[in-house]
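Survey of secondary and tertiary structure
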Amino acid sequence: MAKPKIILDCDPGHDDAVAILLAVRHCEVLAITTVSGNAPLEMTTANALLMCQLAGLDIPVHAGADRPLLVPAAHAPRAHGATGLDGPPRPDVHLAAASDDAVGCIIETVRAHDDVWLVPVGPLTNIALAVRQAPDIVGRVAGISLMGGSVGLGNVTPTAEFNVWADPHAAQIVFAAGVPLVRMAGLNLTHQLCVGPDESAALRAQGGMVPEFVASLFDFYLAGYRERAGLDAAPMHDPCAVLAVTHPELFAFGARHVDVETAGELTRGMTVADERPGTDATPNCEVAYSIDAEPALKLIVGAVCSYD
Ligand code: RIB
Ligand code: CA
């Protein structure tokens, strides 16, 4: 069966970096687009290029929005470090971005190819701008599989997950755009898929530049979760959005209407899913509620180990 065609929109980010490696093994990645999120745009773009160079990927990287639609830019140095990809020594990167027009890339790629999935795993700024500038792409995409939101606890606030909180207006636009198939991998789901010391050890046992680089990424990422939450496990948020396209059979989804709080003092960035029995709200999203973590982890570790 043909691999799904995707555009991966990301803000590398430790888990974004793994999502890139996983996506390349299971999808036809037509382009990688970057957005301000875990780190400033300059760094998220540099990090995407670093991963392409490290893994020998010939995929165009297009830089996108350097700030959210309306709220001030915010980053996540506690989780990802100042560079957005702290942990392993950084190699010199000699690749350059294909353009600084990620939104134009998204629009033109969807217009030129049938059945393209948009897989955003950072703030949804680029996606919102694309559907606003080119409403015709809403009916052309195969779907949007996003990592963002939660139908449970938040992470950046008690109620909001970082990607949606960082640009709530963009997220609201995307959920309301009318895309026929939207899959949401929120924190309620992604915390079911965690890596730990065993996965770092498996990558080091494999050896090689990419597995060892990712093992060092895991070490940094894990240390943060140990320090902040006392956990010896770190959720693989962004790879879940890739797997929801490539291996949907590993998930249980529920059709829900999801909207985004943009103005709440305590709830800005909250994804409000209507889970009331018998609600007359029309679903606009498939919310992921569970994942079969064992095969999913094997797919992630196997993909990373498959590079040199
Ligand atoms: O809340 C988790 C999300 O925020 C992930 O996409 C992670 O990379 C960060 O962007
Ligand atoms: Ca991300």
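Above: the structure in question.
Every chain begins its residue count from 1, and numbering advances along the sequence as written. A letter from A marks each chain and a number from 1 marks each ligand, given out in the order of writing. Residues qualify for local features only when their pLDDT is at least 70, as the model is predicted, and side-chain atom pairs are given and counted only at 80 or more; totals for whole chains, interfaces and linings, by contrast, use all residues. Side-chain metrics in this entry use all non-hydrogen atoms of the structure; hydrogen atoms and water are not considered.

Counting 65 residues, the largest nonpolar core has Ile6, Ile32, Met51, Val119, Leu193, Leu243 and Ile291 as the members making the most contacts within it. Under the DSSP-based scheme used, a helix requires at least four consecutive residues in state H or I and a strand at least two consecutive residues in state E, with every element numbered from the N terminus. Sorting elements by how many residues they give to this core places helix α10 (residues 209-229) first, with nine residues. Throughout, a residue-residue contact means that at least one pair of heavy atoms, one from each residue, lies within 4.5 Å. Among residues more than four places away in sequence, those in contact with isoleucine 291 are Leu189, Gln192, Leu193, Cys240, Leu243, Leu250, Phe251 and Ala296. Membership of the second largest hydrophobic core comes to 33 residues, among which are Val116, Val131, Ile144 and Ala171. Here, nonpolar core means buried Ala, Val, Leu, Ile, Met, Phe, Trp, Tyr and Cys residues that are tied together by side-chain atoms lying within 4.5 Å of each other. The classification of residues rests on relative accessible area computed with a 1.4 Å probe and restricted to protein chains. Under 20% of the type maximum is buried, over 50% is exposed, and intermediate values are partly exposed.

By convention in this document, the label disulfide applies to cysteine sulfur atom pairs within 2.5 Å. Inspection of every chain in the model, using the stated rule, returns zero disulfides. Left without a disulfide partner, cysteine 105 is nearest to the cysteine sulfur of cysteine 10, which lies 12 Å away.

Turning to the site of ligand 1, a few remarks are in order. For ligand 1, the set of nearby residues contains 13 residues, the closest of which are Asp15, Val121, Asn155, Glu161 and Asp238. In the analysis that follows, any N or O atom pair within 3.5 Å is treated as a polar contact, provided that within protein one partner can donate a hydrogen and the other can accept it, and provided that, for residues neighboring in sequence, both atoms belong to side chains. Asparagine 155 places a polar side-chain atom, nitrogen or oxygen, 2.8 Å from an oxygen atom of ligand 1. Each accessible area is a Shrake-Rupley result for a 1.4 Å probe, and residues are judged covered by the shown protein chains and nothing else. Taken by itself ligand 1 offers 270 Å² of open surface, and the protein chains cover 97% of this. Amino acids outside the nonpolar list (Ala, Val, Leu, Ile, Met, Phe, Trp, Tyr, Cys, Pro) and the charged list (Asp, Glu, Lys, Arg) are all regarded as polar, and Gly is one of them. Looking at the shell around ligand 1 residue by residue, the classes come out as three nonpolar, five polar and five charged. In this text, near means that some heavy atom of the residue lies within 4 Å of the molecule or strand in question.

Right, let's get into the coordination of the calcium ion (ligand 2). Donor selection uses N, O and S atoms within 2.8 Å of the metal (3.2 Å for Na, K and Ca). Since no water is included, sites may look incomplete. Within the protein, the calcium ion (ligand 2) binds to Asp11 (OD), Asp16 (OD), Asp16 (OD), Val121 (O) and Asp238 (OD); these donor distances fall in the range 2.3 to 2.7 Å. For the calcium ion (ligand 2), all donor residues lie on one chain, and their spacing in sequence is D-x4-D-x104-V-x116-D. Aspartate 11 sits in the buried class, given a relative accessible area of 0%.

What follows covers the side chain of asparagine 163. The residue asparagine 163 is located in helix α6 (residues 162-166) in this model. Look at asparagine 163 and you get buried, because its relative accessible area is 4%. A distance of 3.0 Å separates a polar atom in the side chain of asparagine 163 from the backbone oxygen of methionine 147. Setting aside residues no more than four positions away along its own chain, asparagine 163 makes contact with Asp11, Val121, Gly122, Pro123, Leu124, Met147, Gly148 and Asp238.

A separate point is the environment of alanine 134. Locating alanine 134 in the fold gives a position in the loop between α5 (125-133) and β5 (143-147). According to the relative accessible area criterion, alanine 134 is buried, its value standing at 1%. Considering only alpha carbons, one finds alanine 134 and proline 197, 63 residues apart in sequence, at a separation of 45 Å.

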